[in-house]
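Examination of the molecular architecture
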Amino acid sequence: MTDATPVIAFSHVSRRYTTGRGEVVALDDVSLTVPHGEWVAIVGPSGSGKSTLMNLIAGIDRASSGTVRVSGHELTTLSEERLARWRGQEVGIVFQFFQLMPTLTALENVMLPMELRGRMWRGGNRRMRAMTLLDRVGVAALAAQLPSQLSGGEQQRVAIARALANDPAILLADEPTGNLDSATGERVIELLHDLTDGERTLVIVTHDARLAERAPRVVALADGKIVRDSAHELVEHPVMLDAAGGV
Ligand code: ADP
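Scope of this entry: the structure provided in the associated data block. (Residues numbered from 1 in each chain as written. Predicted model: local features only at pLDDT ≥ 70, side-chain atom pairs only at ≥ 80, totals over all residues. Heavy atoms only, no water.)

1. Details of the site of the ligand
Residues in contact with the ligand, as listed here, are Tyr17, Thr19, Val24, Ala26, Pro45, Ser46, Gly47, Ser48, Gly49, Lys50, Ser51 and Thr52. Gly47 places a polar main-chain atom, nitrogen or oxygen, 2.7 Å from an oxygen atom of the ligand. Coverage of the ligand by the protein amounts to 61% of the 560 Å² it exposes when considered alone. Going through the elements one at a time, strand S1 (6–19), strand S2 (22–35) and helix H1 (50–57) are the ones with two or more residues in the shell around the ligand. It is H1 that provides the largest number of residues to the shell around the ligand, a total of three residues. Partitioning the shell around the ligand into residue classes produces four nonpolar, seven polar and one charged. (Near = heavy atom within 4 Å. Polar contact = N/O pair within 3.5 Å; in protein donor to acceptor, adjacent residues only side chain to side chain. Areas by Shrake-Rupley, 256 points an atom, 1.4 Å probe, with all protein chains shown as cover. Helix = DSSP H or I, 4+ residues; strand = E, 2+ residues; numbered from the N terminus. Nonpolar A, V, L, I, M, F, W, Y, C, P; charged D, E, K, R; others polar.)

Written out as C-alpha coordinates, the structure reads:
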(Lines give C-alpha, C1' and ligand atoms only; values in the text may rest on other atoms or scores of the structure.)
Protein backbone atom coordinates (compact mmCIF):
# COMPACT_ATOMS: atom_id res chain seq x y z
CA MET A 1 0.00 0.00 0.00
CA THR A 2 1.39 3.41 -0.94
CA ASP A 3 0.91 6.52 1.16
CA ALA A 4 -1.58 7.79 -1.42
CA THR A 5 -3.90 4.80 -0.89
CA PRO A 6 -6.55 5.72 1.65
CA VAL A 7 -6.09 3.68 4.79
CA ILE A 8 -9.83 3.99 5.44
CA ALA A 9 -12.33 3.94 2.55
CA PHE A 10 -16.06 3.80 3.25
CA SER A 11 -18.32 3.72 0.24
CA HIS A 12 -22.08 4.22 0.75
CA VAL A 13 -21.98 2.53 4.13
CA SER A 14 -25.15 2.08 6.14
CA ARG A 15 -25.69 0.30 9.44
CA ARG A 16 -29.27 -0.45 10.33
CA TYR A 17 -30.60 -2.09 13.47
CA THR A 18 -33.94 -3.79 13.78
CA THR A 19 -35.41 -3.06 17.17
CA GLY A 20 -38.77 -3.71 18.83
CA ARG A 21 -39.76 -0.20 17.77
CA GLY A 22 -38.79 -0.59 14.13
CA GLU A 23 -35.62 0.09 12.20
CA VAL A 24 -32.90 2.41 13.49
CA VAL A 25 -30.43 3.77 10.95
CA ALA A 26 -27.24 4.33 12.91
CA LEU A 27 -25.19 5.21 9.82
CA ASP A 28 -26.88 6.36 6.66
CA ASP A 29 -25.03 6.12 3.32
CA VAL A 30 -21.68 7.36 4.58
CA SER A 31 -18.74 7.70 2.20
CA LEU A 32 -15.41 8.72 3.69
CA THR A 33 -11.74 8.30 2.85
CA VAL A 34 -8.84 8.91 5.18
CA PRO A 35 -5.27 8.87 3.85
CA HIS A 36 -2.35 7.27 5.66
CA GLY A 37 -0.98 9.42 8.47
CA GLU A 38 -3.97 11.73 8.80
CA TRP A 39 -5.48 12.82 12.12
CA VAL A 40 -9.28 13.05 12.04
CA ALA A 41 -11.67 14.04 14.81
CA ILE A 42 -15.19 12.63 14.59
CA VAL A 43 -17.69 14.90 16.33
CA GLY A 44 -21.47 15.03 16.69
CA PRO A 45 -24.23 14.85 19.26
CA SER A 46 -25.00 11.72 21.21
CA GLY A 47 -26.72 9.15 18.99
CA SER A 48 -25.34 10.63 15.75
CA GLY A 49 -23.45 7.45 14.81
CA LYS A 50 -19.91 8.13 16.06
CA SER A 51 -19.45 4.82 17.89
CA THR A 52 -21.01 2.93 15.00
CA LEU A 53 -18.52 4.52 12.60
CA MET A 54 -15.64 3.71 14.95
CA ASN A 55 -16.78 0.10 15.38
CA LEU A 56 -17.00 -0.36 11.62
CA ILE A 57 -13.46 1.00 11.14
CA ALA A 58 -12.22 -1.39 13.83
CA GLY A 59 -14.07 -4.34 12.32
CA ILE A 60 -15.92 -4.82 15.61
CA ASP A 61 -19.21 -4.36 13.76
CA ARG A 62 -20.23 -5.01 10.16
CA ALA A 63 -22.02 -2.72 7.71
CA SER A 64 -25.57 -3.57 6.59
CA SER A 65 -24.72 -2.27 3.12
CA GLY A 66 -21.88 -0.52 1.31
CA THR A 67 -18.18 -1.37 1.38
CA VAL A 68 -15.71 -0.84 4.19
CA ARG A 69 -12.07 -1.05 3.18
CA VAL A 70 -9.54 -0.51 5.94
CA SER A 71 -5.78 -0.94 5.78
CA GLY A 72 -5.83 -2.98 2.62
CA HIS A 73 -8.79 -5.26 3.41
CA GLU A 74 -12.42 -5.29 2.45
CA LEU A 75 -13.75 -5.99 5.94
CA THR A 76 -17.22 -7.12 4.93
CA THR A 77 -15.78 -10.19 3.19
CA LEU A 78 -13.42 -11.35 5.96
CA SER A 79 -14.38 -14.31 8.17
CA GLU A 80 -14.61 -13.61 11.92
CA GLU A 81 -11.27 -15.33 12.44
CA ARG A 82 -9.45 -13.35 9.77
CA LEU A 83 -11.14 -10.17 10.95
CA ALA A 84 -9.90 -10.75 14.52
CA ARG A 85 -6.38 -11.42 13.23
CA TRP A 86 -6.50 -8.35 11.01
CA ARG A 87 -7.69 -6.19 13.92
CA GLY A 88 -4.93 -7.40 16.25
CA GLN A 89 -2.40 -6.39 13.67
CA GLU A 90 -3.72 -3.20 12.10
CA VAL A 91 -5.78 -1.40 14.76
CA GLY A 92 -5.03 -0.09 18.23
CA ILE A 93 -7.95 1.18 20.32
CA VAL A 94 -7.95 3.63 23.23
CA PHE A 95 -11.15 3.78 25.30
CA GLN A 96 -12.69 6.41 27.53
CA PHE A 97 -12.53 4.14 30.58
CA PHE A 98 -9.07 2.74 29.73
CA GLN A 99 -10.22 -0.90 30.00
CA LEU A 100 -6.97 -2.23 31.36
CA MET A 101 -6.94 -5.77 32.77
CA PRO A 102 -7.16 -5.16 36.56
CA THR A 103 -5.13 -8.21 37.59
CA LEU A 104 -2.22 -7.49 35.25
CA THR A 105 0.56 -4.97 35.84
CA ALA A 106 1.02 -2.03 33.47
CA LEU A 107 3.83 -3.93 31.72
CA GLU A 108 1.72 -7.09 31.38
CA ASN A 109 -1.20 -5.07 30.01
CA VAL A 110 1.06 -3.73 27.25
CA MET A 111 2.49 -7.19 26.54
CA LEU A 112 -0.95 -8.80 26.26
CA PRO A 113 -1.79 -7.82 22.64
CA MET A 114 1.67 -9.02 21.59
CA GLU A 115 1.02 -12.36 23.30
CA LEU A 116 -2.39 -12.66 21.67
CA ARG A 117 -0.83 -11.99 18.34
CA GLY A 118 1.89 -14.54 19.04
CA ARG A 119 4.29 -14.61 16.19
CA MET A 120 5.78 -11.22 15.78
CA TRP A 121 7.28 -10.27 19.10
CA ARG A 122 8.82 -13.28 20.83
CA GLY A 123 9.56 -13.91 24.54
CA GLY A 124 12.03 -11.38 25.90
CA ASN A 125 11.42 -9.05 22.99
CA ARG A 126 7.84 -8.52 24.09
CA ARG A 127 8.97 -7.40 27.53
CA MET A 128 11.57 -5.08 26.04
CA ARG A 129 9.14 -3.64 23.53
CA ALA A 130 6.50 -3.11 26.24
CA MET A 131 9.07 -1.29 28.40
CA THR A 132 10.07 0.90 25.45
CA LEU A 133 6.42 1.80 24.83
CA LEU A 134 5.80 2.57 28.52
CA ASP A 135 8.87 4.77 28.41
CA ARG A 136 7.58 6.52 25.30
CA VAL A 137 4.30 7.39 27.02
CA GLY A 138 6.17 8.54 30.15
CA VAL A 139 5.22 5.83 32.67
CA ALA A 140 8.14 3.38 32.55
CA ALA A 141 8.63 3.80 36.31
CA LEU A 142 5.12 2.44 36.88
CA ALA A 143 5.61 -0.79 34.90
CA ALA A 144 5.11 -3.07 37.92
CA GLN A 145 1.98 -1.30 39.21
CA LEU A 146 -1.57 -2.63 38.86
CA PRO A 147 -4.10 -0.31 37.16
CA SER A 148 -5.80 0.32 40.54
CA GLN A 149 -2.54 1.86 41.77
CA LEU A 150 -2.45 4.37 38.90
CA SER A 151 -4.19 7.71 38.34
CA GLY A 152 -6.63 8.12 35.42
CA GLY A 153 -4.02 9.90 33.32
CA GLU A 154 -1.43 7.21 34.04
CA GLN A 155 -3.92 4.47 33.14
CA GLN A 156 -4.69 6.19 29.87
CA ARG A 157 -0.97 6.38 29.08
CA VAL A 158 -0.65 2.63 29.71
CA ALA A 159 -3.73 2.07 27.51
CA ILE A 160 -2.10 4.13 24.73
CA ALA A 161 1.09 2.06 25.03
CA ARG A 162 -1.07 -1.09 24.82
CA ALA A 163 -2.84 0.24 21.71
CA LEU A 164 0.57 0.69 20.05
CA ALA A 165 1.83 -2.77 21.08
CA ASN A 166 1.53 -4.38 17.65
CA ASP A 167 2.54 -1.21 15.78
CA PRO A 168 -0.90 -0.69 14.20
CA ALA A 169 -1.48 1.36 11.05
CA ILE A 170 -4.53 2.95 12.70
CA LEU A 171 -5.02 4.26 16.20
CA LEU A 172 -8.66 4.73 17.20
CA ALA A 173 -9.54 6.66 20.33
CA ASP A 174 -13.07 6.82 21.70
CA GLU A 175 -13.44 9.88 23.96
CA PRO A 176 -9.86 9.43 25.23
CA THR A 177 -10.05 12.49 27.47
CA GLY A 178 -13.65 11.96 28.58
CA ASN A 179 -12.68 10.63 31.97
CA LEU A 180 -9.74 12.94 32.67
CA ASP A 181 -9.41 16.43 34.13
CA SER A 182 -8.62 19.09 31.55
CA ALA A 183 -4.86 19.43 32.26
CA THR A 184 -4.38 15.64 32.14
CA GLY A 185 -6.54 15.43 29.02
CA GLU A 186 -4.40 18.09 27.38
CA ARG A 187 -1.25 16.06 28.00
CA VAL A 188 -2.92 12.90 26.66
CA ILE A 189 -3.86 14.77 23.48
CA GLU A 190 -0.29 15.95 23.06
CA LEU A 191 0.93 12.43 23.56
CA LEU A 192 -1.48 11.03 20.95
CA HIS A 193 -0.32 13.68 18.55
CA ASP A 194 3.39 13.00 19.17
CA LEU A 195 2.92 9.27 18.85
CA THR A 196 1.06 9.34 15.58
CA ASP A 197 2.33 12.46 13.81
CA GLY A 198 2.25 11.26 10.21
CA GLU A 199 3.42 7.76 11.13
CA ARG A 200 -0.03 6.26 11.51
CA THR A 201 -3.62 7.30 11.07
CA LEU A 202 -5.36 8.66 14.15
CA VAL A 203 -9.15 8.75 14.43
CA ILE A 204 -10.60 10.28 17.58
CA VAL A 205 -14.25 10.38 18.57
CA THR A 206 -14.71 13.32 20.87
CA HIS A 207 -17.11 15.71 22.54
CA ASP A 208 -14.12 17.73 23.63
CA ALA A 209 -14.07 20.94 21.58
CA ARG A 210 -10.40 21.60 22.41
CA LEU A 211 -9.44 18.16 21.18
CA ALA A 212 -11.46 18.52 17.98
CA GLU A 213 -9.85 21.93 17.39
CA ARG A 214 -6.40 20.35 17.44
CA ALA A 215 -7.23 17.88 14.69
CA PRO A 216 -6.36 19.04 11.17
CA ARG A 217 -9.55 17.41 9.89
CA VAL A 218 -12.96 17.35 11.57
CA VAL A 219 -15.82 15.16 10.38
CA ALA A 220 -19.19 15.99 11.93
CA LEU A 221 -22.05 13.50 12.05
CA ALA A 222 -25.75 14.10 12.65
CA ASP A 223 -28.46 11.45 12.39
CA GLY A 224 -26.03 8.96 10.90
CA LYS A 225 -24.86 11.23 8.08
CA ILE A 226 -21.74 13.29 7.54
CA VAL A 227 -22.92 16.88 7.75
CA ARG A 228 -19.51 18.53 7.66
CA ASP A 229 -16.05 17.44 6.61
CA SER A 230 -13.42 20.12 6.95
CA ALA A 231 -11.27 18.35 4.31
CA HIS A 232 -13.88 19.20 1.69
CA GLU A 233 -14.54 22.79 2.63
CA LEU A 234 -13.68 25.35 0.01
CA VAL A 235 -10.85 27.60 1.00
CA GLU A 236 -11.94 31.06 0.01
CA HIS A 237 -9.68 34.07 -0.42
CA PRO A 238 -11.87 37.12 0.08
CA VAL A 239 -8.84 39.39 0.37
CA MET A 240 -6.76 39.44 -2.81
CA LEU A 241 -3.30 40.86 -3.12
CA ASP A 242 -2.83 43.36 -5.93
CA ALA A 243 0.13 43.14 -8.29
CA ALA A 244 2.31 45.27 -6.04
CA GLY A 245 1.77 42.96 -3.11
CA GLY A 246 -0.47 45.40 -1.23
CA VAL A 247 -3.98 44.58 -0.17
P1 ADP B 1 -22.99 8.04 19.17
O2 ADP B 1 -21.75 7.24 19.35
O3 ADP B 1 -22.82 9.24 18.30
O4 ADP B 1 -23.64 8.40 20.47
P5 ADP B 1 -24.13 5.55 18.19
O6 ADP B 1 -23.29 5.14 17.03
O7 ADP B 1 -23.87 4.85 19.50
O8 ADP B 1 -24.06 7.13 18.37
O9 ADP B 1 -25.66 5.31 17.83
C10 ADP B 1 -26.28 5.80 16.65
C11 ADP B 1 -27.74 5.39 16.66
O12 ADP B 1 -27.85 3.98 16.53
C13 ADP B 1 -28.48 5.75 17.93
O14 ADP B 1 -29.80 6.11 17.59
C15 ADP B 1 -28.46 4.47 18.72
O16 ADP B 1 -29.57 4.40 19.59
C17 ADP B 1 -28.55 3.42 17.63
N18 ADP B 1 -27.89 2.17 18.01
C19 ADP B 1 -26.58 1.99 18.26
N20 ADP B 1 -26.34 0.70 18.57
C21 ADP B 1 -27.54 0.05 18.52
C22 ADP B 1 -27.96 -1.31 18.75
N23 ADP B 1 -27.08 -2.27 19.08
N24 ADP B 1 -29.26 -1.59 18.61
C25 ADP B 1 -30.16 -0.63 18.26
N26 ADP B 1 -29.83 0.67 18.03
C27 ADP B 1 -28.54 1.00 18.16
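2. Here we look at helix H5 (residues 152–163)
The end-to-end C-alpha separation of H5 is 16 Å, in line with the 16 Å expected for 12 residues at 1.5 Å each. Taking burial as the measure, the 12 residues of H5 include 10 buried ones, the bulk of the element. Where H5 is concerned, the buried positions are Gly153, Gln155, Gln156, Arg157, Val158, Ala159, Ile160, Ala161, Arg162 and Ala163. (Expected span 1.5 Å × (residues − 1). Buried < 20%, exposed > 50% of the residue type's maximum accessible area, 1.4 Å probe, protein only.)

3. Considerations on the sheet that holds strand S4 (residues 65–70)
Judged by pairing direction, the sheet is antiparallel, and its four strands sit side by side in the order S2-S1-S4-S5 without closing on themselves. Of all strands in the sheet, those bounded by a partner on one side alone are S2 and strand S5 (73–74). Bridge count between S4 and S5: two bridges; the pairing is antiparallel. The residue of S5 that forms the bridge with Arg69 is Glu74. This element, H1, spans S1, S2 and S4 of the sheet and lies at about 125 degrees to S1. (Pairing = 2+ DSSP bridges. Contact = heavy atoms within 4.5 Å. Axes fitted to C-alpha atoms, helices over the stretch in contact; angles between N-to-C directions.)

4. Focus on the pattern of salt bridges
This structure, assessed with the given rule, holds 13 salt bridges. Asp28 is paired through a salt bridge with Lys225; the nearest N and O atoms lie 3.2 Å apart. Highlighted residues: Asp28 in strand S2 and Lys225 in strand S10 (residues 225–229), separated in sequence by 197 residues. On the basis of relative accessibility, which here comes to 39%, the residue Lys225 falls in the partly exposed class. Where Glu186 meets Arg214, a salt bridge forms, and the shortest distance between an N and an O atom there is 2.6 Å. With Glu186 in helix H6 (residues 182–196) and Arg214 in helix H7 (residues 209–214), the pair connects residues that are 28 residues apart, well separated along the chain. The exposure class of Arg214 is partly exposed, given its relative accessible area of 33%. Via salt bridges that share partners, Glu186, Glu190, Asp208, Arg210 and Arg214 belong to a single interconnected network. (Salt bridge = Lys/Arg side-chain N within 4 Å of Asp/Glu carboxyl O.)

5. Describing the sheet that holds strand S7 (residues 170–174)
Spatial ordering of the open sheet is given by S6-S7-S8-S3-S9-S10, a layout of six strands whose pairing is mixed. Edge positions in the open sheet fall to strand S6 (91–94) and S10, since each of these has one partner strand only. The average angle at which neighbouring strand axes cross in this sheet is 20 degrees, direction not considered. Pairing of strand S9 (residues 217–222) with S10 involves four bridges; the strand directions are antiparallel. If you follow Leu221 over to S10, its bridge partner there is Ile226. Contacts from H6 reach strand S3 (39–43), S7 and strand S8 (201–205) within the one sheet, and its direction differs from that of S8 by about 155 degrees.

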